[in-house]
Amino acid sequence: GILNANKNSWSDLSPRLVLDYHLSDNTRVPTSLAKGYKAGGYNALQIGSNFDNENVWNFEAGIKQSLGDFAYNASLFRYNYDNRQAVRLIDPDPNNPSDIPRYVVDSGDLEAWGVEADAQWQVSKAFSLSGAVAWMDSTYKNYVTPEGENLDGQPTGEPRFSASVGAAYVADMGDSGKLRFSARHAYRAARRCN
C-alpha cells in the first residue's frame, strides 16, 4: 500500500455581542451578533483532499413579550457562511468496477436571511396551544460544484416557509402525578433545489 500523510491545524476567534434591552417588565428586545466556527479537515478517500474552516456570522434582532397567559417571540435574522461544510455522496463511476460510493465534505459560501415567530397560549390551567412560522431565503454566494457548475445566486435547498401548531393537555392525577397529552403538526414547503 501507499502511505499518504498530511497535517494541519485550525484555530479561530469567535466573538459574540448581545444587547438585551427591556422595554418593560414583560417586554424585551434582544439583539445579537455572533461568529461561529467549525475546523477544516480531510476527505479520507480522496488523496490530498482537504477543506477549510467553516465560518458563519449571525445577526439576529427581535422582540419577546409575555402578556399573562399569552407570550410571543418574533425575530429577523441573517447568516453569512464562508466555506460552509456539507457532506455529499459521490456516486461510483459506472465504467470503473473497482470504484465505490463515498461521502466527501464539500464547501461553499452562502447567505440566508429570514423572519420567524412563535406564540404560546395557556388557555386554561390544563390546556395550552402553541404555534410557529418561519420564512427564509438561503442562496449560494460563491460556489462552484466539483463538477464545475456555478451555483452563485441559486437556492441552497432549504424551503422558504415552515410552520407548526400544537396543543397540550395536562391531566392532574392527584398523588399519582400528572399525565400529559400533546399533539403537534409541522409543515415544510417544498425544498428549493437548483
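Residues numbered from 1 in each chain as written. Predicted model: local features only at pLDDT ≥ 70, side-chain atom pairs only at ≥ 80, totals over all residues. Heavy atoms only, no water.

Draft legend 1. Fine view of the overall build of the protein chain. Looking only at helices and strands, the protein chain has zero helices and ten strands in total. Listed N to C, the secondary structure of the protein chain is β-β-β-β-β-β-β-β-β-β in terms of helices and strands. The C-alpha radius of gyration computed for the protein chain amounts to 23 Å, which surpasses the reference 16 Å derived for 194 residues by more than 25%, pointing to a less compact arrangement than a globule. Its C-alpha atoms give the protein chain principal-axis dimensions of roughly 70 × 40 × 35 Å. When each of the 194 residues of the protein chain is scored for burial, the buried share is 25%. Long-range contacts, defined as pairs at least 24 residues apart, comprise 52% of the intrachain contacts of the protein chain with a sequence gap of at least 6. Treating the 19 positive side-chain charges of the protein chain as one cloud and the 23 negative ones as another, the clouds have centres 4 Å apart. (Helix = DSSP H or I, 4+ residues; strand = E, 2+ residues; numbered from the N terminus. Rg over C-alpha atoms; globule rule 2.2 N^0.38 Å. Buried < 20%, exposed > 50% of the residue type's maximum accessible area, 1.4 Å probe, protein only. Contact = heavy atoms within 4.5 Å. Lys, Arg positive; Asp, Glu negative; His and termini not counted. Charge placed at Lys NZ, Arg CZ, Asp CG, Glu CD.)

Draft legend 2. Spotlight on the environment of leucine 110. Considering the arrangement of structural elements, one finds leucine 110 in strand E7 (residues 102–122). By relative accessible area, leucine 110 is classed as buried at 4%. For the pair leucine 110 and aspartate 82, spaced 28 residues apart in sequence, the C-alpha separation works out to 6.8 Å. Those residues within four positions of leucine 110 in sequence are excluded, and the remaining contacts are Tyr79, Asn80, Tyr81, Arg84, Ser138, Thr139, Tyr140, Lys141 and Thr156.

Draft legend 3. Quick peek at the pattern of salt bridges. In this structure the tally under the stated criterion is five salt bridges. Here aspartate 12 ties to lysine 35 by a salt bridge, and the two come within 2.4 Å at their closest N and O atoms. Here aspartate 12, found in the segment before strand E1 (16–24), pairs with lysine 35, found in strand E2 (residues 27–38); they are 23 residues apart in sequence, far enough to count as distant. The class of lysine 35 is buried, set by a relative accessible area of 16%. As a salt-bridge pair, aspartate 137 and arginine 160 come within 3.7 Å of each other at their nearest N and O atoms. Taken together, the residues aspartate 137 in strand E8 (residues 127–142) and arginine 160 in the loop between E8 and strand E9 (161–172) connect sequence positions 23 residues apart. Given a relative accessible area of 16%, aspartate 137 falls into the buried group. (Salt bridge = Lys/Arg side-chain N within 4 Å of Asp/Glu carboxyl O.)

Draft legend 4. A look at a nonpolar patch on the surface. A cluster of nonpolar side chains, namely Leu17, Leu19, Leu33, Trp57 and Phe59, defines an oily patch on the protein surface of about 470 Å² accessible area. Tracing the sequence through the fold places tryptophan 57 in strand E5 (residues 54–67). Taking the relative accessible area as the measure of exposure, tryptophan 57 reaches 36% and is therefore partly exposed. (Patch = residues over 30% accessible without salt bridge, like charges linked within 9 Å, V, L, I, M, F, W, Y side chains within 5 Å. Areas by Shrake-Rupley, 256 points an atom, 1.4 Å probe, with all protein chains shown as cover.)

Draft legend 5. Structural view of the packing of aromatic side chains. Enumeration according to the criterion identifies six aromatic pairs in this entry. An aromatic cluster is defined as three or more aromatic residues linked by ring pairs; in this entry it consists of Phe77, Tyr79 and Tyr81. (Phe/Tyr/Trp six-rings, centres within 6.5 Å; stacked < 30°, edge-to-face > 60°.)

Just distances and angles here, no functional claims.
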